[in-house]
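Letter by letter, the chains look like this.
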Amino acid sequence: MSEPEREHDADTESEAGDTTDRNPVLLVRGDREFLVQPGEEMGTDLGVLEVPDDVEPGQTLETHLEEEFHVRRLRGPDLFHHFERTGAPMVPRDVGLVIGETGISRGDHVLDAGTGTGVLAASMGRAGAEVVTYERDADFADVARENMELGGVADDVDVRTGDVVDELENLESSSFDVLTLDTGDAADVVAHAPDLLVDGGFVAVYSPFIESTREVVETAHEADLANVRTRETIQREMQFDDRGSRPSTAPVGHTGYLTIARNE
Ligand SMILES: C[S@@+](CC[C@H](N)C(=O)[O-])C[C@H]1O[C@@H](n2cnc3c(N)ncnc32)[C@H](O)[C@@H]1O
């Protein structure tokens, strides 16, 4: 299935001030989608559309040129398609693996690094966790804060500008339930995992490269973490046509290695 046309660079202008207590929605027309906040004015080649403050999923809205858009509730995978991109965002499948393998849920305290686009951080916020996430690139961190507003999780995800490795001593008193790391220097954080995590807490490290993954695994063993295991996160797409059904002949795309370990 082809991906929907992405419109996250659309000419949109917020006239609503603070929107953190209202839910963003998707405006959909065919394969075109816009992620907007209630109260926003959206400008497109199909005309200008005023998004009502009390906009509800299921409604149909019209631009001033009487072009229709359907209102749809934002769901997790939409973050990947509509957030402004900086650091390579985690694909929905891998977000699911991180959340599934660590059990992240309501009330958990999570330390995340690096924020990047913020797809993983926002997804964990939407699952009910309180997330502290570090991004060492100040411009990326600014974009991530805007993405958290867009994703409706600005109150749940604290985007901090800085290098997480420099902050470890300050963070050790915080007792996190889960650490999620998507950085080349993740092993430096994993070495401190026993001091950062509650008993039974998880660390999840995502890396596209086997070299840094091996370093993480060795560091996790040295730190006496339990249940250390790594899997490549691969899926094969299936193809159904008139001739029959089989795995797609397109190459299986590598995204990353996911290492999970537990503090015991
Ligand atoms: C691959 S992106 C993370 C993507 C993110 N998981 C998502 O789903 O959108 C990695 C980010 O980590 C940041 N980074 C790398 N090392 C870091 C560190 N030690 N502290 C904070 N941020 C770091 C990079 O600047 C980059 O933006």
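About the criteria used
Residues numbered from 1 in each chain as written. Predicted model: local features only at pLDDT ≥ 70, side-chain atom pairs only at ≥ 80, totals over all residues. Near = placed C-beta within 6 Å. Helix = DSSP H or I, 4+ residues; strand = E, 2+ residues; numbered from the N terminus. Nonpolar A, V, L, I, M, F, W, Y, C, P; charged D, E, K, R; others polar. Pairing = 2+ DSSP bridges. Axes fitted to C-alpha atoms, helices over the stretch in contact; angles between N-to-C directions. Contact = placed C-beta atoms within 7 Å. Parallel < 35°, antiparallel > 145°, perpendicular 65-115°, else oblique. Left-handed = near helix turned anticlockwise from the far one by under 90°. pLDDT = per-residue confidence, 0-100. Core = buried A, V, L, I, M, F, W, Y, C linked by C-beta atoms within 7 Å. Buried ≥ 20, exposed ≤ 12 C-beta atoms within 10 Å, placed from the backbone. Domains from an automatic or database assignment. Expected span 1.5 Å × (residues − 1). Arc of directions from axis to C-beta.

In the nomenclature of an unreviewed UniProt entry, the protein chain is known as Methyltransferase small of Halobiforma nitratireducens JCM 10879.

Engineer: Account for the site of the ligand, with residues named and values stated.
Structural biologist: Gly87, Met90, Gly114, Gly116 and Thr183 are the nearest of the 23 residues found near the ligand. Elements with a minimum of two residues in the shell around the ligand: helix H3 (119–126) and strand S10 (130–135). Split into classes, the residues belonging to the shell around the ligand amount to 10 nonpolar, seven polar and six charged.

Engineer: So, the sheet that holds strand S13 (residues 197–207): which residues are in play, and what are the values?
Structural biologist: Taken together, the seven strands give an open sheet; going across it, the order is S11-S10-S9-S12-S13-S17-S14, and neighbouring strands pair in mixed fashion. Of all strands in the sheet, those bounded by a partner on one side alone are strand S11 (157–161) and strand S14 (226–232). Looking at each pair of strands side by side, their axes are set apart by 15° on average, direction ignored. Taken together, the five bridges between S10 and S11 define a ladder with parallel strand orientation. Across the sheet, residue Thr133 finds its bridge partner in S11, namely Val159. Each of S10 and S11 is contacted by helix H4 (residues 138–150), which is oriented at about 165° to S11, the strand it contacts most. Its contacts with the sheet put helix H8 (residues 210–222) on S13, S14 and strand S17 (257–262), and the angle it makes with S17 is roughly 5°.

Engineer: Go over the packing of helix H2 (residues 92–102) against H3 with me, naming the residues and quoting the values.
Structural biologist: In contact at an axis separation of 10 Å, H2 and H3 are set at 50° when each is read in the N-to-C sense. In terms of their interaxial angle, H2 and H3 are classed as oblique. As for how H2 packs across H3, the hand of that crossing is right-handed. Within the contact between the two elements, H2 uses Val95, Val98 and Ile99 and H3 uses Val119, Leu120, Ser123 and Met124.

Engineer: Tell me about the confidence of the model for the protein chain, and name the residues and values.
Structural biologist: Mean pLDDT over the protein chain: 91, with 92% of residues reaching 70 or higher. The model gives residues 1–20 a pLDDT under 50, and that stretch makes 43 contacts with residues more than four places away or in other chains.

Engineer: So, the nonpolar core: which residues are in play, and what are the values?
Structural biologist: Core analysis: the largest hydrophobic core is formed by 62 residues, its most contacted members being Leu179, Val190 and Val203. Structurally, this core is a two-domain feature, drawing no fewer than three residues from each of domain 1 (5–74) and domain 2 (78–262). Ignoring sequence-local partners within four residues, the contact set of Val190 consists of Val203, Val205, Val216, Thr219, Ala220 and Ala223.

Engineer: Pulling in residues and values, what's your account of the domain arrangement of the protein chain?
Structural biologist: Domain boundaries in the protein chain define domain 1 (5–74) and domain 2 (78–262). Listed by partner, the interface residues are 10 residues for domain 1 and 11 residues for domain 2. The residue inventory of the side of domain 1 that touches domain 2, partitioned by class, reads four nonpolar, four polar and two charged.

Engineer: Talk me through H3; I want residue IDs and the actual numbers.
Structural biologist: The α-helix advances 3.6 residues per turn, and as a result positions three or four apart in sequence lie on the same side. Counting buried residues in H3 gives seven out of eight residues, a clear majority hidden from the surface. Just downstream of H3, Gly128 is the residue with a positive phi angle, here 105°.

Engineer: Please set out the pairing of strand S16 (residues 244–247) residue by residue, giving values where relevant.
Structural biologist: Strand direction decides the pairing type here: strand S15 (residues 238–241) and S16, joined by four bridges, are antiparallel. Bridge pairing links Gln239 to Arg246 in S16. Here S15 folds back onto S16, and the loop between the two strands holds two residues.

Engineer: If you had to explain the pairing of strand S4 (residues 32–36) to someone new, which residues and values would you point to?
Structural biologist: Summarising burial for S4: four of the five residues are buried, a large majority. Pairing geometry for strand S3 (residues 25–29) and S4, over five bridges, is antiparallel. Considered in S4, the bridge of Arg29 is made with Arg32. As consecutive antiparallel partners, S3 and S4 are separated by two residues, and within that stretch Gly30 has a phi angle of approximately 60°, a positive value.

Engineer: Explain H4 residue by residue, including any values.
Structural biologist: Relative to the 18 Å expected for 13 residues at 1.5 Å per residue, H4 spans 19 Å between its end C-alpha atoms, a close match to the ideal helical length. Regarding H4, the residues found buried are Phe140, Ala141, Val143, Ala144, Asn147, Met148 and Leu150. Looking straight down H4, one finds that the buried residues subtend no more than 165° of arc, so they occupy a single side. For H4, exposure combined with an orientation more than 90 degrees from the buried face picks out Ala138 and Asp139. The secondary structure elements touched by the buried residues of H4 are S4, H3, S10 and S11. Gly152, located one to two residues past H4, shows a positive phi value of around 75°.

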